[in-house]
Amino acid sequence: MTESDRAAFLAGDRPEDVFIYLDEAAVSNPEALEAHGERVDGGIVLVLAGEKARSVFQQAAGIDPMAFAKEAMGTEGTIDADCTGGTCPAGDGDDHEARFVFAFAEEQNEEVGDLYAEGDVIHGYVSCACGRAYSDKWVVGQR
């Protein structure tokens, strides 16, 4: 993976792929993931094809990504535009750092309306160090 893969995902240009951020303190062997991702401040970013990403996320995070997303959808928070952190609705500080982020892009769809009519939409799900899961979605380029 290259920095351009991450930039393309964040621009909405990789709707078939999934973005994963793993805090280095939340995984047992972050060095093993470096060959497949990009090291960023505090962790590793991976941009992978859908099924492979779900499998990697489940192995690294120990959480089924679809069950995690469903849980996170129940609580709104704010995810950073680069998808490597966010603002936990439970508070701020060291105990509210993102442990994992799982995100995907959905192409613009005017028929659906709402945000989807405005452009490509990023959906993100965060597992916070405090134990809370939360979600956010936004139109690409509007964050």
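What you see is a predicted model; the values in this text were computed from it and never measured.

Trainee: Talk me through the overall build of the protein chain; I want residue IDs and the actual numbers.
Mentor: Each helix and strand in the protein chain was counted, giving five helices and eight strands. Shown N-terminal to C-terminal, the secondary structure of the protein chain runs as helices and strands in the order α-β-α-β-β-α-α-β-β-β-α-β-β. For 143 residues, the compact-globule estimate of 2.2 N^0.38 gives 15 Å, and the C-alpha radius of gyration of the protein chain, at 14 Å, lies within 12% of that figure. Its C-alpha atoms give the protein chain principal-axis dimensions of roughly 45 × 35 × 25 Å. A sequence separation of at least 24 residues applies to 58% of the contacts in the protein chain between residues at least 6 apart. Summed over all atoms, the accessible surface of the protein chain reaches about 7200 Å², with 43% contributed by carbon and sulfur. Placing the 10 positive and 29 negative side-chain charges of the protein chain at their respective mean positions leaves the two points 5 Å apart.

Trainee: How would you sum up unusual backbone geometry? Please name residues and give values.
Mentor: With a phi angle near 60°, cysteine 83 is a residue other than glycine that sits in the positive phi range. Take cysteine 83: its relative accessible area is 0%, and that puts it in the buried class. Unlike most non-glycine residues, aspartate 114 shows phi in positive territory, near 55°. Residue position: aspartate 114 is located in helix H5 (residues 114-118). Judged by relative accessible area, which is 59%, aspartate 114 ranks as exposed.

Trainee: Before we move on, could you go through the environment of valine 40 and cite the residues and values that matter?
Mentor: Looking at where valine 40 falls in the secondary structure, it is placed in strand E2 (residues 38-40). Given a relative accessible area of 14%, valine 40 falls into the buried group. The spacing of valine 40 and glutamate 3 is 37 residues in sequence and 9.9 Å in space, taken between C-alpha atoms. In this view, valine 40 contacts Arg6, Tyr21, Val45 and Thr84; residues no more than four positions away in its chain are not counted.

Trainee: Just give me the short version of the packing of aromatic side chains, but keep the residues and values in it.
Mentor: As enumerated under the stated definition, the model contains five aromatic pairs in all. Measuring from ring centre to ring centre gives 5.6 Å for phenylalanine 57 and phenylalanine 68, while their planes differ by 25°; the resulting arrangement is stacked. Of this pair, phenylalanine 57 sits in helix H3 (residues 50-61) while phenylalanine 68 sits in helix H4 (residues 65-72), placing them 11 residues apart in sequence. Cluster of aromatic residues (ring-pair linked, three or more members): Phe57, Phe68, Phe100 and Phe102.

Trainee: Talk me through H3; I want residue IDs and the actual numbers.
Mentor: A rise of 1.5 Å per residue sets the reference length of H3, with its 12 residues, at 16 Å; its end C-alpha atoms lie 16 Å apart and thus fit the reference within 8%. Along H3, the positions that sit buried rather than exposed are Gly50, Ala53, Val56, Phe57 and Ala61. Along the axis of H3, the buried positions cluster into a sector of 125°, meaning they face one direction only. Facing away from the buried surface of H3 by more than 90 degrees, the exposed residues are Glu51, Lys52 and Gln59. Where the residues of H3 are buried, they touch strand E1 (17-23), strand E3 (43-49), H4 and strand E6 (98-106). Just downstream of H3, glycine 62 is the residue with a positive phi angle, here 75°.

The rules behind the values
Residues numbered from 1 in each chain as written. Predicted model: local features only at pLDDT ≥ 70, side-chain atom pairs only at ≥ 80, totals over all residues. Heavy atoms only, no water. Helix = DSSP H or I, 4+ residues; strand = E, 2+ residues; numbered from the N terminus. Rg over C-alpha atoms; globule rule 2.2 N^0.38 Å. Contact = heavy atoms within 4.5 Å. Areas by Shrake-Rupley, 256 points an atom, 1.4 Å probe, with all protein chains shown as cover. Lys, Arg positive; Asp, Glu negative; His and termini not counted. Charge placed at Lys NZ, Arg CZ, Asp CG, Glu CD. Buried < 20%, exposed > 50% of the residue type's maximum accessible area, 1.4 Å probe, protein only. Phe/Tyr/Trp six-rings, centres within 6.5 Å; stacked < 30°, edge-to-face > 60°. Expected span 1.5 Å × (residues − 1). Arc of directions from axis to C-beta.

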